[in-house]
Amino acid sequence: MFLQNQKIKFNNILVSNKNQLYEEFVTNNLKIEVKKNINIKNNCNFIITGGQTARSLYLYWDENKPWPHSKVNYCLSDERAVKNSSELSNYRMIKKALFKNRENINNLFNVYQKSKMKNISYNFDKYMLQGIDLTLLSLGSDGHFASIFPDTGQIYKPGKIINTFGNETNRYSISSSIVKKSKKIYVLVAGVSKAKALKKIFSSDGNIDKYPAKVLTKSKWLLNFDAANYLNLDNA
């Protein structure tokens, strides 16, 4: 079995039921944390991922309104160095899916800004003034997360917002040190290719440059049925 002899707690692996919509499963797990922070301090500082799996999730949030979006300070985990209007832009995707393409959005922070890195980091600190309450990341099939890619040394880069390069594109990303400061971290694992990456992450040695997502092993991993089924998890 996948988890045998692995240094991971069973309750860190959360599995979607075969008949349950993955977006609903993910939302139900996140909703507890988001609403808790809103109840305590009237807002939630929430770093969110890009990608197609995330797009479906954000469309679900827009339709079902699991929490008041106006009370959540969303921040991109990473972004390509492209215009906000580009089809490659995570900002554009989230703006369309979650904010109905509304103009003048003041609660979605883009880590890519045409400014010096120290200014972006300053703006990030100002936006996340009370700290990072919640982070939602997605696992790449090569073991990357955000825009921190394998065998690049990017996992060791100091700073808060870092400049990276991956898949032939310049990118901006939250650093691994910033991720670790989040009070809660959840990671999307959807599909067989991502399940294979997860297996390698927990089966390999301690080389975090080869598999950057190894730094996330204490996070909550949200697996869809296909990923869990590939790993032969009992509760799949």
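Quick note: structure is the one above.
In this text, all values refer to a predicted model and were calculated from it rather than measured experimentally. (Residues numbered from 1 in each chain as written. Predicted model: local features only at pLDDT ≥ 70, side-chain atom pairs only at ≥ 80, totals over all residues. Heavy atoms only, no water.)

**As for the sheet that holds strand E7 (residues 161–166)**
The criterion, for reference: DSSP bridges decide pairing: two strands pair if at least two such bridges lie between them. What counts as a helix is a DSSP run of H or I of at least four residues, what counts as a strand is a run of E of at least two, and both are numbered from the N terminus. The axes are straight lines fitted to the C-alpha atoms, using for helices just the contacting stretch, and the angles between their N-to-C directions are given from 0 to 180°. Residue contacts follow a heavy-atom distance rule, with two residues in contact if any of their heavy atoms lie within 4.5 Å.
In spatial order, the strands read E4-E8-E7; together these 3 strands make up an open sheet with antiparallel pairing. Two strands bound the open sheet, and with one partner strand each, they are strand E4 (78–80) and E7. Pairwise comparison of adjacent strand axes, ignoring direction, gives a mean angle of 25 degrees for this sheet. In terms of strand pairing, E4 meets strand E8 (residues 169–174) through 3 bridges, oriented antiparallel. Paired with Arg 80 across the strands is Arg 171, a residue of E8. The sheet strands contacting helix H4 (residues 117–127) are E7 and E8, and the helix crosses E7 at an angle near 120 degrees.

**Side note on the nonpolar core**
Selection criterion: Residues belong to a common nonpolar core when they are buried Ala, Val, Leu, Ile, Met, Phe, Trp, Tyr or Cys residues joined through side-chain atoms within 4.5 Å. Summary of the burial criterion: residues with accessible area below 20% of their type's maximum are buried, those above 50% are exposed, and those between are partly exposed, where the area comes from a 1.4 Å probe applied to protein chains only.
Among the nonpolar cores identified, the biggest contains 41 residues, and Phe 124, Leu 139, Phe 145, Ile 174, Leu 198, Trp 221 and Leu 223 are the most heavily contacted of them. For this core, the element with the most residues is helix H6 (residues 192–203), which contributes 5 residues. Non-local contacts of Ile 174, meaning those with residues more than four positions away in its chain, are made with Ile 47, Leu 76, Ser 77, Val 111, Leu 137, Ala 146, Ile 148, Lys 160, Ile 161, Ile 162 and Val 179. Core analysis: the next-biggest nonpolar cluster, separate from the first, contains 32 residues, Leu 30, Ala 54, Val 72 and Leu 98 among them.

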